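Residue-level listing of the chains:
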Amino acid sequence: MSEQQYRELVQKQRDYFSTGATRSVQFRLDTLKKLKAAVIVYQAKGVEALQNDLAKSEFETYLGEWGVVLTEINTHIKRLKKWTRQKRVKTPMFLKPSYSRIIYEPYGVSLILAPWNYPFQLAILPLIGAISAGNTAIIKPSELAPHTAKLLVELISETFDEAYVAIVEGGVAETTALLKQRFDFIFFTGSTHVGRIIARAAAEHLTPVVLELGGKSPAILDRNIPMKVAVRRLAMAKLSNCGQVCVAPDYVVVAKDSKAEFIEVFKAAVREFFPTGNLDDVTTYQTMTRIINQKNFKRLQSLIEGENIIWGGKAFEAELKFQPALIDSGDVADYLNKKRQKAAILEEEIFGPFLPVLTYENIDDVIKYVNAGEKPLALYFYCNHKTNIDKVLNNISFGGGCINDSMMHLANDHLPFGGVGQSGQGAYHGKTSFLTFSHAKSMLYSTTRFDLAVKYMPYTAKKLDFLKKIFK
Ligand code: NAD
């Protein structure tokens, strides 16, 4: 589409929004139900599309794409009436008998930009928030998952009038032209690098923007934790979607004296996940998602080149798959003391099935190591000691995370999901999605029955004395 066509589409949505049609709560509920029905109809096609784009298994497609979306729609349908109610808030004595309310109003025309790793979930989940809050929406799916993009085009254009919810396809050039338009809200999910480009474009029109980005999320294992259960949870999170998850544990930090045990238990966990076949053979990894494309495959290959590979890492180029790998990345103290330079695998988001293993003597060093980098999107601490848990949580800033688990905080829609610093800004999921796509309009309702003389000019000494008595 040309810039002119984008302009016309945005204008069409703006005109539709001005009719007020999207504001009625019943209309939003009906739309959510319509969306739910369409999502269900497209489930079987979705399995095929995700298989074509990423060789994603039916299990992972159902759980991470359709399951997540249906759960979110159900939550919104169930609770929307309550969320949309005006919220009563207290009013200070000196303003009485006025009363105060917060009114949640839609922003208007929203833009949703999605990445390729959960190409269905991450296009539809923000849309649910946009609809719930009463906005119109234009979705731009990732060009790197073309089969899912095509499915989304069909689903959206069959279900909605483009004046309300539209979908446009394209890569960098198209998105750049799209971003020149004035939107009332932008919701972006993707890399930190592109997030900066989006924030710049949004600033041009002072458009509020949510950035759901990535980063390096650590998993930390305290001493004396039950190793088997911790490692199974960690390994499962690392290998879901072949590590191509924004909140996947990027690297692990274990106590020096537990390193050998960790490695053995990790290998055993992978063996249990793929119980049949040779772990050196690509056919064993049939249910594992593949790497999205050749470019990322090569990037991952070069990340482990020259690294101290403890186990795994065999490349299957024709299938765009890797055997999972553990990398020996040394002790955190070596980096803190500048005895060792960080390799690329410790600098950039891995987004693949490789897990650098770092060791520590003292948990304080782990805190210093994590804090020397950018604020992570997630952090996972396997620990049963309150003092250590408090220490880690009070001294490291990150988006969100789990104690004794990995990634499962996303499964609770009562928890806002989002990053901090370079891992993002703003949050969504459940009620937070509704709030994120709404402007909270603050209203003081006053009365004309009383009129305090003290607030008017002239500012006499008596009035000042009165003020001083109130504000102390
Ligand atoms: P990306 O930033 O390359 O692309 C995201 C979107 O931006 C796509 O729609 C793409 O077409 C568009 N885009 C790309 N380059 C652009 C440019 N120069 N100008 C304008 N638009 C552009 O991200 P990706 O590779 O699709 O996804 C992987 C990244 O996304 C990882 O960093 C991952 O951590 C992050 N991610 C974050 C979350 C989250 O919820 N926080 C979820 C999934 C992925």
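For the structure itself, look to the data block above.
Scoring rules and cut-offs
- Residues numbered from 1 in each chain as written.
- Predicted model: local features only at pLDDT ≥ 70, side-chain atom pairs only at ≥ 80, totals over all residues.
- Heavy atoms only, no water.
- Helix = DSSP H or I, 4+ residues; strand = E, 2+ residues; numbered from the N terminus.
- Rg over C-alpha atoms; globule rule 2.2 N^0.38 Å.
- Buried < 20%, exposed > 50% of the residue type's maximum accessible area, 1.4 Å probe, protein only.
- Contact = heavy atoms within 4.5 Å.
- Areas by Shrake-Rupley, 256 points an atom, 1.4 Å probe, with all protein chains shown as cover.
- Pairing = 2+ DSSP bridges.
- Core = buried A, V, L, I, M, F, W, Y, C linked by side-chain atoms within 4.5 Å.
- Patch = residues over 30% accessible without salt bridge, like charges linked within 9 Å, V, L, I, M, F, W, Y side chains within 5 Å.
- Salt bridge = Lys/Arg side-chain N within 4 Å of Asp/Glu carboxyl O.
- Right-handed = clockwise from strand over helix to strand, strands pointing away.
- Near = heavy atom within 4 Å.
- Polar contact = N/O pair within 3.5 Å; in protein donor to acceptor, adjacent residues only side chain to side chain.
- Nonpolar A, V, L, I, M, F, W, Y, C, P; charged D, E, K, R; others polar.
- Axes fitted to C-alpha atoms, helices over the stretch in contact; angles between N-to-C directions.
- Parallel < 35°, antiparallel > 145°, perpendicular 65-115°, else oblique.
- Left-handed = near helix turned anticlockwise from the far one by under 90°.
- Phe/Tyr/Trp six-rings, centres within 6.5 Å; stacked < 30°, edge-to-face > 60°.
- Lys NZ or Arg CZ within 6 Å of the ring centre and 35° of its normal.
- Expected span 1.5 Å × (residues − 1).

(A) Looking closely at the overall build of the protein. Counting its regular elements, the protein contains 17 helices and 18 strands. Taking 472 residues into account, the globule formula puts the C-alpha radius of gyration at 23 Å, and the protein, at 25 Å, falls close to it. Structurally, the protein occupies a C-alpha span of about 80 × 55 × 35 Å along its principal axes. Within the protein, the proportion of its 472 residues that are buried is 53%. Of the contacts made within the protein by residues no fewer than 6 positions apart, 73% connect residues no fewer than 24 positions apart. On the protein, roughly 22,100 Å² of surface is accessible, and the fraction owed to carbon and sulfur atoms is 55%.

(B) Local environment of the sheet that holds strand β7 (residues 209–212). Here six strands make up an open sheet; going across it, the order is β5-β4-β3-β6-β7-β17 and the pairing mixed. Each edge of the open sheet carries a strand with a single partner, namely β5 (165–167) and β17 (424–425).

(C) Structural view of the nonpolar core. Counting 123 residues, the largest nonpolar core has L35, L127, L221 and F262 as its most contacted members. Of all the elements, helix α5 (residues 121–132) adds the most residues to this core, at eight residues. Y6, V109, I138 and I186 belong to the second-largest nonpolar core, a separate cluster that totals 21 residues.

(D) Main features of a nonpolar patch on the surface. A surface patch of nonpolar side chains, about 690 Å² in accessible area, is lined by F94, L95, L444, L464, F466, L467, I470 and F471. The element contributing the most residues to the nonpolar patch is helix α17 (residues 461–470), with four residues. Among the secondary structure elements, F94 is positioned in the loop between β1 (87–89) and β2 (99–106). The exposure class of F94 is partly exposed, given its relative accessible area of 42%.

(E) Highlighting the pairing of strand β4 (residues 136–140). Burial analysis of β4 places five of its five residues in the buried class, the great majority of the element. Going residue by residue along β4, you find T136, I138 and K140 tucked away on one face and A137 and I139 tucked away on the opposite face as well. Relative to β4, strand β3 (residues 109–113) runs parallel, the two sharing five bridges. By the bridge assignment, S110 is partnered in β4 with A137. Between the parallel elements β3 and β4, the chain passes through α5 in a crossover that is right-handed. Both β4 and β5 contribute to a ladder of three bridges, which runs parallel. Bridge pairing in β5 links A137 to V165. Chirality of the crossover, the property in question, places the unit of β4, helix α6 (residues 146–159) and β5 among those that are right-handed.

(F) How the structure looks around the site of the ligand. Of all residues adjacent to the ligand, which total 24 residues, the nearest are A114, E143, S191, L213 and E349. Between an oxygen atom of the ligand and a side-chain N or O atom of W116, the distance comes to 2.8 Å. Contacts to the ligand include E212, whose backbone N or O atom sits 3.5 Å from a nitrogen atom. Here the ligand loses 90% of its free accessible area of 840 Å² to cover by the protein chains. Put simply, the parts of the chain that give the shell around the ligand at least two residues each are α7 (172–179), β6 (185–189) and α8 (192–204). Here the residues of the shell around the ligand sort into 13 nonpolar, seven polar and four charged.

(G) Focus on the packing of helix α9 (residues 227–239) against helix α10 (residues 259–273). Interaxial distance between α9 and α10 falls to 9 Å at its minimum, and their mutual angle equals 60°. Looking at the two axes, α9 sits oblique to α10. Where α9 crosses over α10, the handedness of that crossing is right-handed. Packed against α9, whose contacting residues are M227, K228, V231, R232, L234, A235, M236 and L239, the element α10 presents E261, F262, V265, F266, A269, V270, E272 and F273 at the interface. When the residues that make up the contact of α9 with α10 are grouped by side-chain class, the tally is twelve nonpolar, no polar and four charged.

(H) Focus on the packing of aromatic side chains. Throughout the structure, instances matching the rule amount to 21 aromatic pairs. A centroid spacing of 5.4 Å and a plane angle of 70° characterise the contact between F94 and F471, whose relative ring orientation is edge-to-face. Remark: F471 occurs in the segment after α17 and F94 occurs in the loop between β1 and β2; sequence separation between them is 377 residues. For F471, a relative accessible area of 54% gives the class exposed. Put simply, the rings of Y107, F185, F187, F417, Y428 and F437 touch in pairs and so form one group of aromatic residues. Directly above the aromatic system of Y118 lies the positively charged group of K56, at a separation of 3.8 Å from the ring centroid. It is K342 that lies over the ring of Y369; its NZ or CZ is 4.7 Å from the centre.

(I) Geometry of α6. End to end, α6 covers 20 Å across 14 residues, agreeing with the expected 20 Å (1.5 Å per residue, within 8%). Summarising the contacts, the buried residues of α6 are in contact with α2 (25–41), α3 (43–54), α4 (58–84), α5, β4 and β5.

Limitation: the analysis is restricted to geometry and does not speak to function.
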